[in-house]
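# Notes for the structure review
Residue-level listing of the chains:
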Amino acid sequence: MLAVETFIAHQITSKRAITVKDGLSNILYWGYARTGYRNTRLKTFRAQVKTSQLNDFINLVGNNNSPNVVDIKNLKLPQYSGLSFVSKIRMFLDPINSAVLDKQIMKIKFSCICTILSKLSHTEKESQIRISGPNSVTYESWCNRLKDISNLYYKGAYRAADIERGFFNLVQCNRVVDAAKILKCA
């Protein structure tokens, strides 16, 4: 996974629009790997994204590996309107400090245990996690909590992205309550 992460990170931090387009396409490709509509989403992105949007992305990223998710959303990149995929961009830009926040992780929010995710404005019926000012703040708190867990239990040996993958695996193994207990509010 590290080789894939590094490759995509180089693509999306390129100064060339076509390379950034390929990198953002790769994020969609891997993000939709287990769905039957992956190729449709990918084709739609590649057909609809404008060079001006890619150049705006290049300017936004510049020297900032962790741009605000609201700022990324405001670029209106096709297929990147919700927090799930915008947070994937952040994770590929800066896996040390950023992580994915998607519908699988959101299952922790609905465990009836108060966690950092409880603050997100999102219901189980919604198909997409909205990006808003408050949800952006909660996303940053999520990333910080993951770094805190790494520091507290692993002396900082793991990146925020690695800790998130641990939570993802707990959710996939139907251990949502265990995941929530780890994230429990103080």
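Structure: above.
The structure presented is a predicted model; accordingly, all values stated were derived computationally and were not measured.

For the rest of this paragraph, the subject is the packing of helix H9 (residues 160–172) against helix H10 (residues 176–183). Two numbers describe how H9 lies on H10: the axes approach to 7 Å, and their chain directions differ by 145 degrees. Contacts from Phe 167, Leu 170 and Val 171 in H9 reach Val 176, Ala 179, Ile 182 and Leu 183 in H10. When its residues are assigned to classes, the contact of H9 with H10 shows seven nonpolar, no polar and no charged.

Our focus in this paragraph is empty space enclosed by the protein. One pass over the full model with this rule turns up one cavity of 30 Å³ or more. Considered as a void within the structure, the largest cavity measures approximately 30 Å³ in volume. Forming the walls of the largest cavity are Ile 12, Thr 13, Ser 14, Lys 15, Phe 57, Ile 58, Val 61 and Gly 62. Per-element tally for the lining of the largest cavity: the top contributor is helix H4 (residues 51–61), with three residues. Taken together, the residues that form the lining of the largest cavity break down as four nonpolar, three polar and one charged.

Taken as a whole and assessed by the stated rule, the structure comprises nine salt bridges. Close ionic contact of Arg 159 with Asp 162 constitutes a salt bridge, the shortest N to O distance being 2.8 Å. With a relative accessible area of 17%, Arg 159 lands in the buried category. The shortest N-O distance in the salt bridge between Asp 162 and Arg 165 comes to 3.6 Å. Highlighted residues: Asp 162 and Arg 165, both in helix H9, separated by three residues, approximately one helical turn. The network of salt bridges with common partners includes Glu 5, Arg 159, Asp 162 and Arg 165.

Our next topic: the state of the cysteines. Every disulfide links exactly two cysteines, by a covalent bond between their sulfur atoms. Using the criterion set out here, one finds one disulfide in the structure. Not part of a disulfide, Cys 143 finds its nearest cysteine sulfur in Cys 185, a span of 16 Å. Taking the relative accessible area as the measure of exposure, Cys 143 reaches 1% and is therefore buried.

The next point concerns the layout of surface pockets. Reported here for the largest pocket is a volume of approximately 1,100 Å³. Sorting elements by how many residues they give to the lining of the largest pocket places helix H6 (residues 83–93) first, with six residues. Tallied by class, the residues present in the lining of the largest pocket amount to 13 nonpolar, eleven polar and seven charged. The calculated volume of the second largest pocket comes to roughly 170 Å³. Taken together, Ile 149, Tyr 153, Tyr 154, Tyr 158, Asp 162, Ile 163, Gly 166, Phe 167, Leu 170 and Ile 182 form the lining of the second largest pocket. For the lining of the second largest pocket, the secondary structure elements donating two or more residues are helix H8 (133–154) and H9. Among the residues forming the lining of the second largest pocket, the class breakdown is eight nonpolar, one polar and one charged.

Positionally, Gln 53 belongs in helix H4. What makes Gln 53 buried here is its relative accessible area of 11%. There is a polar contact of 2.8 Å between the side chain of Gln 53 and the backbone nitrogen of Lys 50. Residues contacting Gln 53, with those up to four places away along its chain left out, are Gln 48, Leu 75, Lys 76, Leu 77 and Pro 78.

Rules and cut-offs
Residues numbered from 1 in each chain as written. Predicted model: local features only at pLDDT ≥ 70, side-chain atom pairs only at ≥ 80, totals over all residues. Heavy atoms only, no water. Axes fitted to C-alpha atoms, helices over the stretch in contact; angles between N-to-C directions. Helix = DSSP H or I, 4+ residues; strand = E, 2+ residues; numbered from the N terminus. Contact = heavy atoms within 4.5 Å. Nonpolar A, V, L, I, M, F, W, Y, C, P; charged D, E, K, R; others polar. 1 Å grid on protein atoms, 1.4 Å probe; cavity = no way out; pocket = protein on both sides within 12 Å on 5 of 7 lines; lining within 4 Å. Points joined across faces, edges and corners; volume = space filled by probe spheres on them. Salt bridge = Lys/Arg side-chain N within 4 Å of Asp/Glu carboxyl O. Buried < 20%, exposed > 50% of the residue type's maximum accessible area, 1.4 Å probe, protein only. Disulfide = S-S within 2.5 Å. Polar contact = N/O pair within 3.5 Å; in protein donor to acceptor, adjacent residues only side chain to side chain.

Keep in mind these values describe shape, not function.
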